[in-house]
Protein chains: 2
Amino acid sequence: MKKLSEMNHEELVAFQKDAEKRYNDFKALNLKLDMSRGKPAPAQLDISMSLLNALDNETLCSSNGTDYRNYGILDGIPEAKEMFAELLGVESDNIIVYGNASLAAMYDNISRAMTHGILGNKPWSKYDKVKFLCPVPGYDRHFAICEYFGIEMINIPMDSDGPDMDMVEKLVSEDETIKGIWCVPQYSNPSGISYSDEVVKRFAALKPKAEDFRIFWDNAYCIHHITDTPKLILNIFDECKKNGTEDMVYEFTSTSKISFPGAGVAVMAASKKNVDSIKSQLGISTIGFDKINQLRHVKFFKNAEGLKKHMDLHKEIIAPKFDVVIEELEKNVLPLDAASWHKAEGGYFISFNAMNGCAKRIVSLCKEAGVVLTGAGATYPYGKDPDDSNIRIAPTYPTVDELRKAMELFCICVQLASVEKCLSK
Amino acid sequence: MKKLSEMNHEELVAFQKDAEKRYNDFKALNLKLDMSRGKPAPAQLDISMSLLNALDNETLCSSNGTDYRNYGILDGIPEAKEMFAELLGVESDNIIVYGNASLAAMYDNISRAMTHGILGNKPWSKYDKVKFLCPVPGYDRHFAICEYFGIEMINIPMDSDGPDMDMVEKLVSEDETIKGIWCVPQYSNPSGISYSDEVVKRFAALKPKAEDFRIFWDNAYCIHHITDTPKLILNIFDECKKNGTEDMVYEFTSTSKISFPGAGVAVMAASKKNVDSIKSQLGISTIGFDKINQLRHVKFFKNAEGLKKHMDLHKEIIAPKFDVVIEELEKNVLPLDAASWHKAEGGYFISFNAMNGCAKRIVSLCKEAGVVLTGAGATYPYGKDPDDSNIRIAPTYPTVDELRKAMELFCICVQLASVEKCLSK
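Summarised in this report is the structure supplied together with it. Numbers given to residues run from 1 along each chain, matching the order in which its sequence is written. Both sets of labels track the order of writing: A upward for chains, 1 upward for ligands. Only residues with pLDDT of 70 or above have their local features reported here, since the model is predicted, and side-chain atom pairs are shown and tallied only from 80 upward, although totals for entire chains, interfaces and linings are computed over all residues. As a rule here, side-chain values come from all non-hydrogen atoms in the structure, and water together with hydrogens is ignored.

### Side note on the packing of helix α1 (residues 9-27) of chain B against helix α13 (residues 400-423) of chain B
All names here are of chain B.
- For helices, the fitted axis covers only the stretch in contact; all axes are lines through C-alpha atoms, and the angles between them, taken along N-to-C directions, range from 0 to 180 degrees. The helix count covers DSSP runs of H or I at least four residues long, the strand count covers runs of E at least two residues long, and both are numbered beginning at the N terminus. Running from amino to carboxyl end, α1 crosses α13 at an angle of 150°, the nearest separation of the two axes being 9 Å. Regarding α1 and α13, the two cross each other, and that crossing is left-handed. Residue-level contacts link His9, Leu12, Val13, Phe15, Gln16, Ala19, Glu20, Arg22, Tyr23 and Phe26 of α1 to Lys405, Glu408, Leu409, Ile412, Cys413, Gln415, Leu416, Val419, Glu420, Cys422 and Leu423 of α13.
- Under the scheme applied, nonpolar residues are Ala, Val, Leu, Ile, Met, Phe, Trp, Tyr, Cys and Pro; charged residues are Asp, Glu, Lys and Arg; polar residues are all the others, including Gly. The residue makeup of the contact of α1 with α13, split by class, is 13 nonpolar, 3 polar and 5 charged. Should the near helix be turned counterclockwise from the far one by less than a right angle, the crossing is left-handed, whereas a clockwise turn marks it as right-handed. For this analysis, residues touch if any pair of their heavy atoms sits within 4.5 Å.

Quick look at the structure:
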């Protein structure tokens, strides 16, 4: 294969014809594969099965006699708070253990900011408009929350070490209506990029014009490494302490991709001041979350070290899948010099950047041949990728063999869409 | 004992002196008992312990292969929807299985009505003021939600067969800003009153001025009987169908007081139109609730009949406690003819009406002697009982012996507060 840019018209036509033939051969296989979401594979769920019986013969009481089967304890059982505090490098006092979904915790905090404001500041709904900064490509469910509440989203380009911090610093310092930013600092969804130390330090040193500006630090993949030498991001709260900005950060994580999606435990970390305020409001909507499930998790994982060890088992299952994606791309797309991607070292995604104007076409070609990808555009606010370029590849759910086939197809679709683009110039 | 009203001054003083002596004797016992909330007793939690292992050797997939350990299914697993549909007498399509707390489901619906409105109607937050009708005495956590969102609460007196329906009908037909009413139709919290057939029919036939008026039908105690011959309320959706008013009702229940508070399953029933709209919004805040816990409940209870049978075990434990309360009141307060109460046939509370102006004093006297009751006034919006009369007695948590002691003390405090009141006239 030659670079597309170096092919003449005849070569392009010939390449197209060949790719079409290979595409049609694939269609005849009648593949049926859903790679639209970042779902763990059944094999990953199997390794947590004994979590379900972790409470056998266990007392369901705390050391002070609190019965975890009964009502009470708004912010999580002490053992769970301790485990997650250790994981996130904060104190137990900084932890609220939520229900089964960190997304719900994020939603909840934005919903309350809309109706009641943060720490005594004006409710966001009382402004004509409030805005969030959205590093792109990003996580569609983050953007959906903003869209639902009518929060205007401003795209922030992602560099190789995190969001464009010059732009972030400038915008938040000037505009009082910018109230938040979405960050997935470790193995970003979908780019897989981890924020450099400098980026984390610049976040912690932000001087936003809005007192109620909050960094939504969605640390969903904090221990979701797929290499043996993970590069860890800095603890943002440590950096904030140096700047006196602890109130500016809401950190979230969960065990959704550690134990079971839907039956895991979600966690928020924040300054004591934020935690106290959130608890006083949270108590209106619930008496408490599922303490028995919290205890189940603590008995199974024991501590932060146990959580990390468990992730090694996940790594063994999913790292080969990430390899398949990269191998296929390097074999079938790299030579064309018509696309780029980031070789993720953790998380759940590989972010693929096609030639501008090709993403929708690629996703549609894949779909027609039986492989459903995340919709093109989904990684951008309002579902609008201005370049129609980014595609989120979610390699974890299929088996290695299924994934190999799907990626072969994907590469053919990339070839087809790219050559079409060249021919239409 | 004579009726207080028939005692002369000397008799009152003598009675007071005697009651004070008995009160001081109690104080010397150093009781320490919290009867402030309606909590199941440990013995009630013990009967559900095998629920925790209900998934042993079970497949965690649906019949169509959906893996309940993974992401997906916003509105509950089909088996759980079916069980709760049967329980509430609706179709599966009318059910949303929520997380662990029906309170959170109620909060969620009010929160979204505030920010987004119901079925295309104007968001409640866009009104200068919206109002809820609150049958009193009622449930403090319902009122707290309204207070949190600045929803004005209007007291509706409870008759012996439900709320004053003349007043309800008049108010909702006249005032477009009245957006809802809180109802606990079976064994009301705290009065223990169940709505008569006529009351349910009149609710279903309401013609509210506001299209987005909703009856929050909190059927928390639908199968929480403590007699062998329970009087069941009518199925409100059946009645609504006759009036074409199915959209007007949001019904809630949960297994919090069937399996485990905090680790149970909450449910909402509503018209298909409401369910569809709620699901479309709910999907912004979560991918789904805990399906494994839903399955655990289905495997343990099997079906609606299983839930009802399980409640017989609860009845055996708590019915004797309700008897103790009534016995003590009949022995030590009835002769004074200075208070009233409703002999509940189910639910979690006995509602006690002291002489006007005595509730706070009684609660304070009890507290001083080591028994914490629900705060006086808590059963009214804004914590303000206009008569300072109502006290919610929660008999389930203490043992029978503890409860006997606590009720002896309670009766002495009632005697004391009542005689003080008579003497101060």
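### A short note on the side chain of Asn332 of chain A
All names here are of chain A.
- Looking at where Asn332 falls in the secondary structure, it is placed in helix α11 (residues 304-332).
- Only protein chains enter the calculation, and the probe is 1.4 Å; a residue is then buried if its accessible area is under 20% of its type maximum, exposed if over 50%, and partly exposed in between. Accessibility expressed as a relative area gives 16% for Asn332, which makes it buried.
- Every residue in contact with Asn332, bar those within four places of it in the chain, is listed here: Met1, Cys411 and Gln415.

### Looking at the pairing of strand β4 (residues 152-159) of chain B
Residues and elements named next belong to chain B.
- Summarising the sheet, strand β3 (residues 131-136) and β4 pair through 6 bridges and their orientation is parallel. Paired with Phe132 across the two strands is Met153, which belongs to β4.
- Paired strands, as defined in this entry, are two strands with at least two bridges between them according to DSSP. Here β4 pairs with strand β5 (residues 162-163) via 2 bridges, running antiparallel. Residue pairing across strands places Met158 opposite Pro163, the latter belonging to β5.

### Side note on helix α12 (residues 359-368) of chain B
Residue and element names in this part refer to chain B.
- Along α12, the residues that are buried comprise Ala359, Ile362, Val363, Leu365 and Cys366. For α12, the arc enclosing every buried residue in end-on projection is 160°, short of the 170-degree limit, so these residues lie on one face. Residues Lys360 and Lys367 are exposed on α12 and point more than 90 degrees away from its buried face.
- Buried positions along α12 lie against α1, β11 (350-354), β12 (371-373), β13 (390-393) and α13.
- A positive backbone phi angle near 100° is found at Gly370, which sits one or two residues after α12. Our arc is simply the arc of the directions from the helix axis toward the C-beta atoms.

### Overview of the relation of the copies chain A and chain B
- Least-squares superposition of the copies uses the C-alpha atoms of those residues scoring a pLDDT of at least 70 in each of them. Overlay of chain A on chain B (RMSD 0.0 Å): rotation 180°, translation along the axis 0.0 Å. With respect to symmetry, the two chain copies, as superposed, fit the operation of a two-fold axis. The position closest to the rotation axis in chain A is occupied by the C-alpha of Asn53 of chain A, lying 3.2 Å away.
- In this assembly, 100% of the residues forming the interface of chain A have copies in chain B that are likewise at the interface, indicating an isologous arrangement.

### So, the sheet that holds strand β7 (residues 214-218) of chain A
Residues and elements named next belong to chain A.
- Read across the sheet, 8 strands follow the order β2-β9-β8-β7-β6-β3-β4-β5 without closing on themselves; strand pairing throughout is mixed. Across the chains shown, the open sheet's two edge strands, defined by having one partner strand only, are β2 (95-97) and β5 (162-163).
- Sheet analysis places β2 next to strand β9 (residues 266-269), joined by 3 bridges and oriented antiparallel. Residue pairing in the sheet places Val97 in a bridge with Val267 of β9.
- Helix-sheet contacts for helix α3 (residues 78-88) involve β2, β8 (249-254) and β9, and the interaxial angle to β2 is about 125°.

### Brief notes about the interface of chain A and chain B
- Contacts between the two partners involve 50 residues from chain A and, on the opposite side, 50 residues from chain B.
- A combined buried area of about 4,200 Å² lies between chain A and chain B, and 55% of that area is made up of carbon and sulfur atoms.
- Note: buried area is the sum, over both parts, of the accessible area (probe 1.4 Å) each one loses when the two are combined. Among the residues of chain A in contact with chain B, Arg69, Tyr71 and Tyr148 of chain A are the three that bury the most area, contributing 18% of the side total.
- Any Lys or Arg side-chain nitrogen found within 4 Å of a carboxyl oxygen on Asp or Glu counts as a salt bridge. Taken together, the links from chain A to chain B amount to 2 salt bridges.
- Polar contacts, as used here, are pairs of N or O atoms within 3.5 Å; protein pairs need one atom able to donate a hydrogen and one able to accept it. Residues neighboring in sequence count only if both atoms are side-chain atoms. Our count for the chain A to chain B interface comes out at 15 residue pairs in polar contact (both at pLDDT 80 or more).

### A look at the side chain of Ser418 of chain A
Residues and elements named next belong to chain A.
- Topologically, Ser418 is positioned in helix α13 (residues 400-424).
- Within the local environment of Ser418, its side chain forms a polar contact with the backbone oxygen of Val414, the two atoms lying 2.5 Å apart.
- Other than its neighbours up to four places away in sequence, Ser418 contacts Leu4, Ala338, Met355 and Cys358.

### Considering the sheet that holds strand β13 (residues 390-393) of chain A
Residues and elements named next belong to chain A.
- Ordered by their spatial adjacency, 3 strands build an open sheet running β10-β11-β13, and the pairing between neighbours is antiparallel. At either end of the open sheet lies a strand with only one pairing partner, and these are β10 (339-341) and β13. Averaged over neighbouring strand pairs, the angle between their axes works out to 20° when direction is ignored.
- Across 4 bridges, strand β11 (residues 350-354) lies against β13 in antiparallel orientation. Each bridged residue has a counterpart across the sheet, and for Phe352 the counterpart in β13 is Ile391.
- Against the sheet, α11 touches β10, β11 and β13, its axis set at about 20° to β11.

### Some thoughts on α1 of chain B
All names here are of chain B.
- Here the expected length of a helix is defined as 1.5 Å per residue gap, with one fewer gap than residues. For α1, which comprises 19 residues, the first-to-last C-alpha distance of 27 Å matches the rise-based estimate of 27 Å (1.5 Å per residue) to within 8%.
- Among all positions of α1, only Leu12, Phe15, Gln16, Ala19, Tyr23 and Phe26 are buried. Angular distribution of buried residues about the axis of α1 spans 105°; they occupy a single face of the element. For α1, the exposed residues lying more than 90 degrees away from the buried face are Glu10 and Lys17.
- Contact partners of the buried residues in α1: α12 and α13.
- One side-chain oxygen of the residue at the start of α1 lies 3.2 Å from the amide nitrogen of Glu10, identifying that residue as Asn8.

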